[in-house]
Amino acid sequence: MKYRRLGNTGLKVSEIGLGSWLTYGTAAEQKAAEACVAAAFECGINFFDTANAYNRGEGEKALGAALSSYNRSDYVLSTKVFFPMGDGVNDRGLSRKHIMEQCEASLRRLGTDYIDVYFCHRFDTETPVEETLRALDDLTSQGKILYAAVSEWSAAQIANAGGISRRLNLRPLASNQPIYNMFERYIEQEVLEVSRQEGLGQVVFSPLAQGILTGKYKPGQQPPAGTRGADDSVNGVIRSYLRDDVLDVVAQLNGLAGSLGLKLSQLALAWVLRQPNVSSALIGATKPEQVAENAKAVDAVLSPSTLEAIEEILRPVADFAPAR
Ligand SMILES: NC(=O)c1ccc[n+]([C@@H]2O[C@H](COP(=O)([O-])OP(=O)(O)OC[C@H]3O[C@@H](n4cnc5c(N)ncnc54)[C@H](OP(=O)(O)O)[C@@H]3O)[C@@H](O)[C@H]2O)c1
């Protein structure tokens, strides 16, 4: 495994991190969670991500239980706050009240004394950013979180937060967590550069486009049984990728990966890691073999001609906009 600094901080995170969205959080999935976490440690992965909203707290409980037999100092744990956790008007968002209450609740569900990286899951248009940033800074002073971060904030929102933190003498944000894969590239326009200037590292999610960029979904065929694409309880987003023009492109990328002696998953992960501002690529995994295969991506180096070949293959779907 290889490690990068999380933005300008001194924290080192593995280039591949393991997330728990849609994958862990029911009794049936607990064995998979434990096996995938064990595989992650074997590969040197030290970064684990979840969110309070994943299955309304069950994702945190599952990941916390799977991590409970490891030394707390051996891993970096992140979770998030923003999405509704109840029906009340204050059970959501980034108000001081909700952040403080949910941080406590996350600590309990995770079974830990502190959260390494605490992400604001989205931007909250109904709370002054000053209120949110000060609440995060207070949690940091209390030792309940070590680093404050955001997810899917725009370049302007990140720059504005940086200015406010400097003016109020608050600790700067450490990270942004956006989607980034060969089909979802909006961060290349502004977010990467503004984050670099502000000292945030990207922790990118869905780098395999939820499994599309493994090559297991084929044009003209039904999604294979047992995959996310075949499961109606979790395929709401991935379904939008299951069209022949996209899967034809994926088949060509698969051929290119094979010619380089790589799995497509490894090519896709190495491709996001080519960006120096990306600190870690967060994968999901339902099987330990997936973790082991994906972790090997850190050894792949993509030449300029390979990067050009990827651009050429992607050209026909440049305007494709997957569901969000
Ligand atoms: N901040 C946010 O708003 C946000 C949003 C989404 C996700 N996230 C974070 O990012 C993490 C990853 O997201 P994601 O699950 O969409 O990532 P992903 O890595 O793009 O997709 C993961 C899925 O692809 C399949 N897969 C992975 N490796 C494979 C391999 N080598 N061979 C075959 N199939 C493979 C597995 O699904 P099957 O085995 O079921 O087919 C796996 O669950 C989440 O767990 C979460 O922590 C954050």
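The rules behind each value
Residues numbered from 1 in each chain as written. Predicted model: local features only at pLDDT ≥ 70, side-chain atom pairs only at ≥ 80, totals over all residues. Helix = DSSP H or I, 4+ residues; strand = E, 2+ residues; numbered from the N terminus. Rg over C-alpha atoms; globule rule 2.2 N^0.38 Å. Buried ≥ 20, exposed ≤ 12 C-beta atoms within 10 Å, placed from the backbone. Contact = placed C-beta atoms within 7 Å. Expected span 1.5 Å × (residues − 1). Near = placed C-beta within 6 Å. Nonpolar A, V, L, I, M, F, W, Y, C, P; charged D, E, K, R; others polar. Pairing = 2+ DSSP bridges. Axes fitted to C-alpha atoms, helices over the stretch in contact; angles between N-to-C directions. Parallel < 35°, antiparallel > 145°, perpendicular 65-115°, else oblique. Core = buried A, V, L, I, M, F, W, Y, C linked by C-beta atoms within 7 Å. Left-handed = near helix turned anticlockwise from the far one by under 90°.

Enquirer: Help me get a handle on the overall build of the protein, residues and values and all.
Expert: Of regular secondary structure, the protein possesses 10 helices and 10 strands. Its C-alpha radius of gyration of 19 Å places the protein within 12% of the 20 Å reference for a compact globule of 324 residues. Projected onto its principal axes, the C-alpha coordinates of the protein cover approximately 50 × 40 × 35 Å. Within the protein, the proportion of its 324 residues that are buried is 48%. Taking the intrachain contacts of the protein between residues at least 6 apart in sequence as the baseline, contacts between residues at least 24 apart amount to 78%.

Enquirer: Please give an account of helix H5 (residues 155–168) that cites residues and values.
Expert: Compared with an ideal rise of 1.5 Å per residue, which puts 14 residues at 20 Å, H5 spans 20 Å between its outermost C-alpha atoms and is within 8% of the ideal. Against the buried residues of H5 lie helix H4 (129–141), strand S8 (175–176) and helix H6 (191–198). Remark: Asn-169 follows H5 within two positions and exhibits a positive phi of approximately 60 degrees.

Enquirer: A description of the site of the ligand should follow, citing residues and the corresponding values.
Expert: If you check the shell around the ligand, you find 29 residues, and the closest are Gly-19, Phe-205, Leu-208, Gly-211 and Gly-284. The set of elements that each furnish at least two residues to the shell around the ligand consists of strand S10 (278–283) and helix H9 (288–295). Broken down by element, the shell around the ligand gets its largest block of residues, three residues, from H9. Considering only residue class, the shell around the ligand consists of eight nonpolar, 16 polar and five charged.

Enquirer: Quick one: what's the story with the pairing of strand S3 (residues 16–19), residue by residue and with numbers?
Expert: A two-sided burial pattern is seen for S3, the buried positions comprising Ile-16 and Leu-18 on one face and Gly-17 and Gly-19 on the other. When S3 meets S10, the two strands line up parallel, connected through three bridges. The residue bridging Gly-17 from the neighbouring strand is Leu-282, located in S10. Where S3 meets strand S4 (residues 47–49), two bridges bridge the pair, whose relative direction is parallel. Looking at the pairing, Leu-18 lines up with Phe-48 of S4.

Enquirer: I'd like to hear about the environment of Asn-90, residue by residue, with values.
Expert: When you line up the elements, Asn-90 lands in the loop between strand S5 (76–81) and helix H3 (96–110). A count of 11 C-beta atoms within 10 Å places Asn-90 in the exposed class. With sequence-adjacent residues up to four places away left out, Asn-90 is seen in contact with Ser-95, Lys-97 and His-98.

Enquirer: Got a sec to walk through the pairing of strand S7 (residues 145–150)? Specific residues and values, please.
Expert: Burial analysis of S7 places five of its six residues in the buried class, the great majority of the element. Judged from the five bridges that link them, strand S6 (residues 115–120) and S7 form a sheet pairing that is parallel. Directly across from Ile-115, in S7, lies its bridge partner Ile-145. In this sheet, S8 lies alongside S7 in parallel orientation, the contact comprising two bridges.

Enquirer: So what about unusual backbone geometry? Which residues, and what values?
Expert: Even without a glycine there, the phi angle at Asn-169 is positive, about 60 degrees. Phi is positive for Ala-209, which is not a glycine, with a value near 50 degrees. The topology assignment puts Ala-209 in the loop between strand S9 (201–205) and helix H7 (244–259).

Enquirer: Describe the sheet that holds S9, and please don't skip the residues or the numbers.
Expert: A barrel is described by the order of its strands in space; here eight strands give the closed sequence S3-S4-S5-S6-S7-S8-S9-S10, paired in parallel fashion. For S9 and S10, the ladder comprises four bridges, and the chain directions are parallel. Counterpart to Gln-202 in the pairing with S10 is Val-278. H4 contacts S6 and S7 of the sheet and is inclined by roughly 160 degrees relative to S7.

Enquirer: If you had to explain the packing of H7 against helix H8 (residues 264–273) to someone new, which residues and values would you point to?
Expert: Each pair of packed helices can be summarised by the angle the axes make with each other and by the distance between the axes. Remark: H7 packs on H8, axes separated minimally by 8 Å, with the N-to-C direction vectors making an angle of 90 degrees. In terms of orientation, H7 lies roughly perpendicular with respect to H8. Contacts between H7 and H8 involve Leu-253, Asn-254, Leu-256 and Ala-257 on the former and, on the latter, Leu-264, Gln-266 and Leu-267.

Enquirer: How would you summarise the nonpolar core if you had to cite specific residues and measurements?
Expert: Residues Leu-18, Val-117, Tyr-118, Ala-149 and Ala-281 are the most contacted members of the largest nonpolar core, which totals 90 residues. The leading source of residues in this core is H8, at eight residues. Not counting the four nearest positions on each side in its chain, Leu-18 is found in contact with Cys-36, Val-37, Ala-40, Ile-45, Phe-48, Ile-283, Ala-285 and Val-291.

Enquirer: Now, about H8: what can you tell me, with residues and values included?
Expert: With 10 of its 10 residues buried, H8 lies for the most part within the structure. What H8 keeps buried is the set Leu-264, Ser-265, Gln-266, Leu-267, Ala-268, Leu-269, Ala-270, Trp-271, Val-272 and Leu-273. Its buried side turned inward, H8 meets S3, S9, H7, S10, H9 and helix H10 (304–314).

Enquirer: Describe the packing of H3 against H4, naming the residues involved and giving the relevant values.
Expert: Closest axis-to-axis distance for the H3/H4 pair is 9 Å, and the angle between their directions is 30 degrees. Regarding the angle of H3 to H4, the classification is roughly parallel. Here H3 and H4 pass one another in a crossing that is right-handed. For the pair H3 and H4, the contacting residues are Arg-96, Ile-99, Met-100 and Cys-103 in the first and Glu-131, Thr-132, Ala-135, Leu-136 and Leu-139 in the second. Considered class by class, the residues forming the contact of H3 with H4 number six nonpolar, one polar and two charged.

By themselves these figures say nothing about function.
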